[in-house]
Amino acid sequence: MAAYLRLPGGTDDISEIVEALLTAADAKEPHAPELAHRWRTLANDARDALDRLPTTQH
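This section reports on the structure supplied with the text. Please read these numbers as outputs of a predicted model, since none were measured by experiment.

With 18 residues, helix α1 (residues 11-28) ought to run about 26 Å at 1.5 Å a step, and its terminal C-alpha atoms sit 26 Å apart, in line with that. Within the span of α1, buried status applies to I14, V18, L22 and A25. Taken down its axis, α1 places every buried residue within 80 degrees of arc, on the same side. What points out from α1, more than 90 degrees from its buried face, is the exposed set D12, E16, T23 and A27.

Here it is, written out as structure tokens:
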């Protein structure tokens, strides 16, 4: 399933969300490894989507 996400800060916002997910996953790992794995998967999927965005020419 695809989703359209509009963030006021653009790609900087999603980059911050990715970093937050990875940090949270590290903290959650000892107590809930399945949840930590899910958060890492979400972060990696978002990062991959960012990498596929076309670059802008200024």
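Turning our eyes to something else, we now look at the nonpolar core. Ranked by size, the top nonpolar core spans five residues in total: I14, V18, L22, A43 and A46. Listing elements by their share of this core, those giving two or more residues are α1 and α2 (33-52). The dominant element in this core, judged by the number of residues it contributes, is α1, at three residues.

Moving on to the pattern of salt bridges. Summed over the entire model, instances satisfying the criterion amount to two salt bridges. A salt bridge links D26 to R40; the nearest nitrogen and oxygen atoms lie 2.9 Å apart. With D26 in helix α1 and R40 in helix α2, the pair connects residues that are 14 residues apart, well separated along the chain. Residue classification places R40 among the partly exposed positions, given a relative accessible area of 24%. For the salt bridge of E29 with R40, the shortest nitrogen-to-oxygen distance reads 2.7 Å. Remark: R40 occurs in helix α2 and E29 occurs in the loop between α1 and α2; sequence separation between them is 11 residues. It is possible to trace a salt-bridge network through shared partners that takes in D26, E29 and R40.

Each value, and the rule that gives it
Residues numbered from 1 in each chain as written. Predicted model: local features only at pLDDT ≥ 70, side-chain atom pairs only at ≥ 80, totals over all residues. Heavy atoms only, no water. Helix = DSSP H or I, 4+ residues; strand = E, 2+ residues; numbered from the N terminus. Expected span 1.5 Å × (residues − 1). Buried < 20%, exposed > 50% of the residue type's maximum accessible area, 1.4 Å probe, protein only. Arc of directions from axis to C-beta. Core = buried A, V, L, I, M, F, W, Y, C linked by side-chain atoms within 4.5 Å. Salt bridge = Lys/Arg side-chain N within 4 Å of Asp/Glu carboxyl O.

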